[in-house]
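Residue strings, one per chain:
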Amino acid sequence: MDQSFGIYSNRSWRTLSKLFFFFFSWLNEANEAELIQKIATDVSNKLNLTPSRDFEGMVGLEAHLTKLDSFLCLESDDVKMIGIWGPAGIGKTTIARALFNQLSTGFRLSCFMGTIDVNDYDSKLCLQNKLLSKILNQKDMKIHHLGAIEEWLHNQRVLIVLDDVDDLEQLEVLAKESSWFGHGSRIIVSLNDRKILKAHGINDIYDVDFPSEEEALEILCLSAFKQNSPQDGFEEVAKRVVELCGKLPLGLRVVGSSFYGESEDEWRIQLYGIETNLDRKIENVLRVGYDKLSERHQSLFLHIACFFNHKSVDYVTTMLADSTLDVENGLKTLAAKSLVSTNGWITMHCLLQQLGRQVVVQQGDPGKRQFLVEAKEIRDVLANEKGTESVIGISFDISKIETLSISKRAFNRMRNLKFLNFYNGSVSLLEDMEYLPRLRLLYWGSYPRKSLPLTFKPECLVELYMGFSKLEKLWGGIQPLTNLKKINLGYSSNLKEIPNLSKATNLKTLTLTGCESLVEIPSSIWNLQKLEMLYASGCIKLQVIPTNINLASLEEVNMSNCSRLRSFPDISSNIKRLYVAGTMIKEFPASIVGHWCRLDFLQIGSRSLKRLTHVPESVTHLDLRNSDIKMIPDCVIGLPHLVSLLVENCTKLVSIQGHSPSLVTLFADHCISLKSVCCSFHGPISKLMFYNCLKLDKESKRGIIQQSGNKSICLPGKEIPAEFTHQTIGNLITISLAPGCEEAYSTFSRFKACLLLSPIKNFAFNKINCFLRSKGVEISRTTESIYPFVSGGSLSEHLFIFCGDLFPEENRSLMDVTPNEILFDFSSSDVEIVECGVKIFLSSGIEVGYCETGGNRNHHIDGEAEAFKVTQVENSKHTGHWSWLRKLRLGKKKMKNNKTELSSRPVSGFSDLTRGIFIRYQEPEAVELTKDERITDLSSLLCIGSLVVCFFLSVFFGQPLVVSVLLLFSCFFLQMQ
């Protein structure tokens, strides 16, 4: 038989069937030449077996096609409609064409239709006619009604791809019902608008994700350098381009092509253009989605692009509550059209944001636009009083200009201005402004004047931010502030008073942090029943706060480092987090303990705190740092829910004589007087930190080290404890396993490591990295922080102890090597590791030693349980993960105890299987065999015997059929065992 026929026979029969299907439609052709031409064309099309190379090298394409397989379900005879959805420029058309190219040869009829428009009845007929002409390959086909597709294709298995659909009516015309097509048909629709798919009942939707950072860089490089990675010297600038393009494939390809052949300096020059202007090709693609929005949704799009990208949905909804934009439904529409994503927060792609800002720039002169976002244009408008009533928002990055002096009449003509955002710098304002509009957002960092204009009306304000300002006060009198949700005057060091807030009934956050001149929080806050957070830390002159009020919503109060504050902030019994460290508060008032039943986090440490007699039982995190306590107060020991206790830098603390039964973390760094610690912990401890506690007695140190289940421990020490079975000088330790030892371990085995750290100076924070490798393959990685809260150097060597998994869960499915040797590699950027030690635990928690340890100094403790040594059975065909745990079993061995050692002495002349059976009967004292196990061994020996018989039959009697049957029987029997 001809070889080519053998290769293409199936496909050729399908092709011939297609030719016969069309042959009869040609019989009535009058022109014989035309008939011959049609036959020749169709034969050429149907027998064109050369595979397409159009999609070779497309980054990430194969992954997309693989994911689409699960949606297609090609083995099913049902008619399926599948959507391919994503933003413009992400590659939907490329994916759809590649999918069509891959699948079309498997369908009798197939058709790819690009951009399609529907306006009236005639255009619908034309559209159906176009699809049928393409799929049936007939140029002059005419249809007269909209049932033609169903009439022609209802019994045909077809593949139809409809690309770039932007109207539900297009789907209704071309693929209204599944019944229009034969069994097994697949209709694939690519588009930007998810609502169209839902409205048409298409629920199988493939969401096209953005490429990874690595894939995006590769896409750029293929266009810019004609290779997969950046040229030498271009790495940094190429990554910056990927960032500016937001990983959008279209942007990466267009920008990459425009940079092809350019020098590195030219790349850097062009970066500014990418930041401020869209390439025309990119704009043309992205603009289509914007242009098809309604006027109201276009306005919402521009608001987000200029002001509210990366803001919460609630925030934007509140800011635009007085507009006619219908934010809730508008966001749904923008999200469905892939113009934004909303997951509690609004995110617009950076190139779409550029598009929105370019649309605004095209509105005319700067002073007549809706939004001002370009720094130089804003400077010109404010300095020369060019603003008009058209302006509703100004977003000004001051860092992009050198100097700016604003006219006092700069805002006089901007009567409709609602959003004012000055950030990243300060401006010069030589005189008080005459006028500020009725703003909803006033965000002006480093405001240069002592007060706001006297004419300013704040009743529309939703958010007020004037941090780092020179304000001494905001406004006078009682103002209607019912819209106000957030005030931030942080680090306004000259601020002496805050206004009357009695009518700010919707205020949720009040930030006064670092207002060093503020003396009093006014009693008008009694009316702030929706206030959730009050931040006033670092107000060093603050002395007066209201009392005997109970704010219903207040959950967090921070008045730490208010060094003159003596009175306890009894302003709400609903507080969950209270920070009053560094104040002159000496005690938690006994009178309110029973009422503060929601308090979870309490930070109260200061040198004024010498004793503590009352703490609410609800507290789970207690911070007593820098206190003058000498012992842990009884009220702390008795806390039933305490999880974390911080007593760092309590220089007079002598004893931790007890602790809460629920305690998980204990930080006692720099307790220089600490001598004894009670180590009777009731459960696993996550962290025990005793950095620079040099007076700890030996018994306490021993008890701390012996804590099991802990994640990390730090304490003074000069040598690795002997319990760490394997020790070496330096930061590397290699543990070699004797043959068969690895079978004693499961994937859930753990290790415990101890490091001896050298003293260091001027230390603030450090991390220890631990890498585990076997045969050059990384099998585990652990990172532990040592001293998360302290500063200052160590006064002596310290021991750092931590635990980890030998084989973390995320790596268990990736490994397929036998770990007969494990390398522990410890490292740190800030501290020297002098020595290290390791011990290993089985999944049951039993510690086991190893047969051999590599390192500069080895240490093995006599009397510890030895690793099990079992005969290793080769299983080279096994392809599963963790193959050393799944060796071909020799029967279930029941060990008399965990210290029993099975002989690994070889039995010459036998295979591994036979040797294993003989070992068990040579040393019956080592293993107890059940009746079933003996039967299994006997069956195995019978199988081996039968193989020998087969061999002799074949050699001496020439009985191949008998031999084959017996061999099959033997192999089958062995497999069953």
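Just so we're clear, the structure is a prediction, and the values are computed from it rather than from any experiment.

Observations regarding the overall build of the protein
Here is step 1: Assigned secondary structure in the protein consists of 23 helices and 37 strands.
Here is step 2: Burial status across the protein gives 49% buried among its 977 residues.
Here is step 3: Contacts spanning at least 24 positions in sequence make up 55% of the contacts within the protein whose residues lie at least 6 apart.
Here is step 4: Only carbon and sulfur atoms are counted for the fraction: they give 51% of the accessible area of the protein, which is about 47100 Å².

Let's talk about the side chain of K687
Here is step 1: Along the chain, K687 falls in strand β24 (residues 687-689).
Here is step 2: What makes K687 buried here is its relative accessible area of 13%.
Here is step 3: Only 3.1 Å separates the side chain of K687 from the side chain of S712, close enough to count as a polar contact.

Observations regarding the packing of helix α14 (residues 295-308) against helix α17 (residues 350-361)
Here is step 1: Running from amino to carboxyl end, α14 crosses α17 at an angle of 110°, the nearest separation of the two axes being 8 Å. Between α14 and α17, the angle falls in the class roughly perpendicular. For the pair α14 and α17, contact is made by F301, L302, A305 and C306 and by L352, Q353, L355, G356, R357, V359 and V360, respectively.
Here is step 2: When grouped by side-chain class, the residues that make up the contact of α14 with α17 number eight nonpolar, two polar and one charged.

Re the sheet that holds strand β1 (residues 80-85)
Here is step 1: Taken together, five strands build an open sheet; the order of strands is β2-β3-β4-β1-β5 and the sheet is parallel. The open sheet has two edge strands, β2 (109-113) and β5 (204-207), and neither has a second partner. Neighbour-to-neighbour, the strand axes of this sheet turn through a mean angle of 15°, independent of strand direction.
Here is step 2: As paired elements, β1 and β5 share four bridges and run parallel to each other. Looking at the pairing, W85 lines up with D207 of β5.
Here is step 3: Sitting on the sheet, helix α4 (residues 92-103) touches β1, β2, β3 (158-165) and β4 (186-191), and the angle it makes with β3 is about 170°.

Side note on α17
Here is step 1: When the terminal C-alpha atoms of α17 are compared, their 17 Å separation across twelve residues agrees well with the 16 Å that a helix rising 1.5 Å per residue should span.
Here is step 2: For α17, the tally of buried residues reaches nine of twelve residues, placing the bulk of the element in the interior.
Here is step 3: Listed in full, the buried residues belonging to α17 are L351, L352, Q353, Q354, L355, G356, Q358, V359 and V360.
Here is step 4: Residues of α17 that are buried sit in contact with α10 (235-244), α11 (249-258), α12 (264-276), α13 (280-291), α14 and β8 (371-372).

Conventions we followed
- Along each chain, residue indices are assigned from 1 in the same order as the chain's sequence is written.
- Totals for whole chains, interfaces and linings use all residues, but because this is a predicted model, local features are given only for residues with pLDDT of at least 70 and pairs of side-chain atoms are given and counted only at 80 or more.
- Excluding hydrogens and water, the side-chain figures rest on all heavy atoms present in the structure.
- Think of it this way: any DSSP run of H or I at least four residues long counts as a helix, any run of E at least two long counts as a strand, and we number them from the N terminus.
- Only protein chains enter the accessibility calculation, which uses a 1.4 Å probe; a residue whose area is less than 20% of its type maximum is buried, one above 50% is exposed, and one in between is partly exposed.
- The contact criterion used throughout is that any non-hydrogen atoms of two residues lie within 4.5 Å.
- All accessibility values rest on the Shrake-Rupley procedure with a 1.4 Å probe; residue burial counts only the protein chains present in the view.
- Side-chain atoms alone can form a polar contact between residues adjacent in sequence; in general such a contact is a pair of N or O atoms within 3.5 Å, and within protein one must be able to donate a hydrogen while the other accepts it.
- Axes here mean lines fitted to C-alpha atoms, for a helix over just the part in contact, with angles spanning 0 to 180 degrees between N-to-C directions.
- Comment on the angle field: the value is read as roughly parallel under 35 degrees, roughly antiparallel over 145, roughly perpendicular from 65 to 115, and oblique elsewhere.
- Just so you know the grouping, Ala, Val, Leu, Ile, Met, Phe, Trp, Tyr, Cys and Pro go in nonpolar, Asp, Glu, Lys and Arg go in charged, and all remaining residues, Gly too, go in polar.
- A strand pair is defined by DSSP finding two or more bridges across the two strands.
- Helices are assigned an expected span. That span is 1.5 Å times one less than the residue count.

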